[in-house]
Amino acid sequence: MRATRALVYVDRFRLNIRAVAARIGRRRICVPVKADAYGHGALPLARAALEAGADCLAVALVQEGEELRQGGVRAPILLFSQTLGEELEDLVRADLCPLVWEGAYIDALGEAALRAGRELVVHLKLDTGMGRAGCPPEEAAALAGRVLSHRALRLGGVATHLAVSDSPSPEDRAYTGAQLGRFRAAIQAIRDAGIDPGIIHAANSGALCFHPDAWFDMVRPGILLYGYGPPGAAPNDTAPGGDSARSDTLRPPAIPVRPVMELHSQVAAVKLIRRGESVSYGRTWTAPEDSLAALVPAGYADGLRRGLSNNWQMGIGGRLYPVAGRICMDQCLLNLGRPGSGPPVSPGEEVVIFGEGAGPAAGSIAAAPGDAAAMAEKLGTIPYEITCGISKRVPRVYL
Ligand SMILES: *Cc1c(COP(=O)(O)O)cnc(C)c1O
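Definitions and cut-offs
Residues numbered from 1 in each chain as written. Predicted model: local features only at pLDDT ≥ 70, side-chain atom pairs only at ≥ 80, totals over all residues. Heavy atoms only, no water. Phe/Tyr/Trp six-rings, centres within 6.5 Å; stacked < 30°, edge-to-face > 60°. Helix = DSSP H or I, 4+ residues; strand = E, 2+ residues; numbered from the N terminus. Buried < 20%, exposed > 50% of the residue type's maximum accessible area, 1.4 Å probe, protein only. Lys NZ or Arg CZ within 6 Å of the ring centre and 35° of its normal. Salt bridge = Lys/Arg side-chain N within 4 Å of Asp/Glu carboxyl O. Contact = heavy atoms within 4.5 Å. Axes fitted to C-alpha atoms, helices over the stretch in contact; angles between N-to-C directions. Parallel < 35°, antiparallel > 145°, perpendicular 65-115°, else oblique. Left-handed = near helix turned anticlockwise from the far one by under 90°. Nonpolar A, V, L, I, M, F, W, Y, C, P; charged D, E, K, R; others polar. Pairing = 2+ DSSP bridges. Domains from an automatic or database assignment. Buried area = accessible area lost by both parts, 1.4 Å probe. Near = heavy atom within 4 Å. Polar contact = N/O pair within 3.5 Å; in protein donor to acceptor, adjacent residues only side chain to side chain. Areas by Shrake-Rupley, 256 points an atom, 1.4 Å probe, with all protein chains shown as cover. 1 Å grid on protein atoms, 1.4 Å probe; cavity = no way out; pocket = protein on both sides within 12 Å on 5 of 7 lines; lining within 4 Å. Sits in = over half its atoms within 2 Å of the grid points.

Trainee: Whenever I open this one, the packing of aromatic side chains confuses me. Can you help?
Mentor: Note on aromatic pairs: each is described by the distance of the centres and the angle between the planes. Counted by the stated rule, this structure contains four aromatic pairs. Ring geometry for phenylalanine 13 and tyrosine 226: centres 5.2 Å apart, planes at 25 degrees, overall stacked. With phenylalanine 13 in helix 1 (residues 10–24) and tyrosine 226 in the loop between strand 9 (218–219) and strand 10 (261–266), this pair connects stretches of sequence that are 213 residues apart. By the burial criterion, phenylalanine 13 is buried, and tyrosine 226 matches it. A ring pair is formed by phenylalanine 183 and phenylalanine 216, whose centres lie 5.3 Å apart and whose planes are at 85 degrees; its orientation type is edge-to-face. In this pair, phenylalanine 183 sits in helix 8 (residues 170–192) while phenylalanine 216 sits in the loop between helix 9 (205–210) and strand 9, placing the two residues 33 residues apart along the sequence. When its relative accessible area of 19% is taken as the criterion, phenylalanine 216 is described as buried. When the ring centre of tyrosine 9 is taken as reference, the NZ or CZ atom of arginine 12 above it lies at 3.8 Å.

Pasting the structure below:
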């Protein structure tokens, strides 16, 4: 196996799920494993989720659902997106549970299920203010009726998605409140039409952390289960005993989660850079003194983003070393400092690119390079983009 690999701590994932379960009482948990489980590997994490007590899974693409079925997953799988044309047959065959919000689509699905001789459970998706997918709340009752008009379809639930549930600002909290108000009214309209809405769900990670009134019958947290607080939350808001500096009195009790993925590599070579010599493309780093550099076989084609050039530190043996010069497609360099100024570093030694690591000083904050959220912050993005961006050529190792 190549030296650069993503370590996926499946146990942490199970513990994160149990931590959420402990928080939400007797509600169901839907675990999103879309985008290859946020880059962690869909099938192993789907299995782990079900072992940890998840009630169902969710994917974004029919293909993602088919891969889970081929892997032997039999639990319900929600399909977050509406699909087109021939994919309808595929989703019926894979027995996925699609979110639906258009009359014509409901009809096409009802006919496809009938042709296949299958009963298909669907959930109605309402757009209460996300401005993306979903029907206007006023149409919910009529569309629920349309689902029931098909012999082969069953209404299993009603859902919506929240746009700013992770934000603690009063305006955003009010916006979420308004979304939930529209959602509740639409559900009431469905009930008033004599239709059982089934499982009601709205909460992503942000709502799980900040809006208990959005938990309804089932929650769908993604990033939280992979170990990160929702993007708008302060870093410690979900950590054990997390003590936010914010004076946000609405902050709910913390949910203890730990990052599931770590990116590791190994030192490929150690070389001497003479004072005044430069390394890598563009000559953006010049040795201020005779220095040792470690060559690390990881680059932007692995998902180690080029924006981290001269802008990140990695851990070797429990110490941190800065990235020197540009990150290339397949390699980068670390500045180990003046020869003899620190412990010797040898080829083959473990490099922690992000994560807590397991070096001698593991657990010591100073020696950990930072997790995917810290890396995301350096890049002006969110941890989702970091873990999803670890490319296919990086093997996942399940621990
Ligand atoms: C991705 C997604 C989620 C999970 O979102 P997180 O921010 O990762 O918690 C929930 N619901 C829908 C519809 C999604 O697309």
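Next, the rest of the story.
Trainee: Would you explain the pattern of salt bridges in this entry?
Mentor: Here the structure, examined in full by the defined rule, presents 17 salt bridges. Here arginine 2 makes a salt bridge to aspartate 302, at a shortest N to O gap of 2.7 Å. Linking arginine 2 in the segment before strand 1 (5–8) with aspartate 302 in the loop between strand 14 (291–296) and strand 15 (313–316), this pair joins segments that are 300 residues apart in sequence. You can call arginine 2 partly exposed: its relative accessible area is 28%. What makes aspartate 302 buried here is its relative accessible area of 2%. The residue glutamate 262 makes a salt bridge to arginine 12 at a minimum N-O spacing of 3.4 Å. Of the two residues, glutamate 262 is situated in strand 10 and arginine 12 in helix 1; the sequence distance between them amounts to 250 residues. Comparing glutamate 262 with arginine 12 shows no difference in burial state: the two are buried.

Trainee: Sorry, what's going on with the environment of valine 8 here?
Mentor: Structurally, valine 8 is set in strand 1. On the basis of relative accessibility, which here comes to 0%, the residue valine 8 falls in the buried class. Each C-alpha atom of the pair valine 8 and proline 259 lies 9.1 Å from the other, and the pair is 251 residues apart in sequence. Non-local contacts of valine 8, meaning those with residues more than four positions away in its chain, are made with His40, Leu45, Val260, Arg396, Val397, Tyr398 and Leu399.

Trainee: Looking at this structure, I do not really get the packing of helix 7 (residues 140–148) against helix 8. What am I missing?
Mentor: The relative placement of two packed helices is expressed as an angle between their axes plus a distance between the axes. It is at 8 Å that the axes of helix 7 and helix 8 come closest, and there the two elements cross at 45 degrees. On the basis of the axis angle, helix 7 is oblique to helix 8. Seen from above, helix 7 lies across helix 8 with right-handed handedness. Residues Ala140, Ala141 and Ala144 of helix 7 form the contact with helix 8, whose own contacting residues are Ala186, Ala189 and Ile190. Here the contact of helix 7 with helix 8 is built from residues that sort into six nonpolar, no polar and no charged.

Trainee: Explanation requested: the pairing of strand 17 (residues 332–337) in the structure shown.
Mentor: Side chains on a regular strand alternate between the two faces of the sheet. Within strand 17, six of the six residues are buried, leaving the element largely enclosed by the surrounding structure. Residue alternation in strand 17 divides its side chains into two sets, Cys332, Leu334 and Leu336 and Leu333, Asn335 and Gly337, and both sets are buried. For strand 14 and strand 17, the ladder comprises five bridges, and the chain directions are antiparallel. Paired with valine 296 across the two strands is cysteine 332, which belongs to strand 17.

Trainee: Got a minute to help me understand the sheet that holds strand 4 (residues 77–79) in this structure?
Mentor: In sheet architecture, strand pairing relies on hydrogen bonds along the backbone and comes in two forms, parallel and antiparallel. An order of 2-3-4-5-6-7-8-9 is seen for the eight strands of this closed barrel, with the pairing classed as parallel. Two strands pair when backbone bridges link them, and strand 5 (residues 97–100) and strand 6 (residues 120–126) are joined in this way by two bridges, in the parallel orientation. Bridge pairing links valine 100 to leucine 124 in strand 6.

Trainee: How should the domain arrangement of the protein chain be read in this particular structure?
Mentor: How big an interface is tends to be stated in terms of accessible area lost as the parts join. Domains assigned within the protein chain are domain 1 (10–251) and domain 2 (261–398). Distance between the C-alpha centres of domain 1 and domain 2: 37 Å. Contacts between the two partners involve 13 residues from domain 1 and, on the opposite side, 14 residues from domain 2. At the boundary of domain 1 with domain 2, total buried surface from both sides reaches about 1,200 Å², with 61% on carbon and sulfur atoms. On the domain 1 side of the contact with domain 2, Tyr38, His40 and Tyr228 bury the most area, a combined 42% of that side's loss.

Trainee: Would you explain the site of the ligand in this entry?
Mentor: Taken together, 13 residues are adjacent to the ligand, and Lys34, Tyr38, Ser205, Gly222 and Tyr384 come closest. One nitrogen or oxygen atom from the side chain of histidine 161 is found 3.5 Å from a nitrogen atom belonging to the ligand. Within the contact set of the ligand, a nitrogen atom lies 2.9 Å away from a side-chain nitrogen or oxygen of arginine 220. Coverage of the ligand by the protein amounts to 91% of the 390 Å² it exposes when considered alone. Because more than half of its atoms lie within 2 Å of the grid, the ligand is assigned to the second largest pocket. Residues that form the shell around the ligand fall into these classes: six nonpolar, four polar and three charged.

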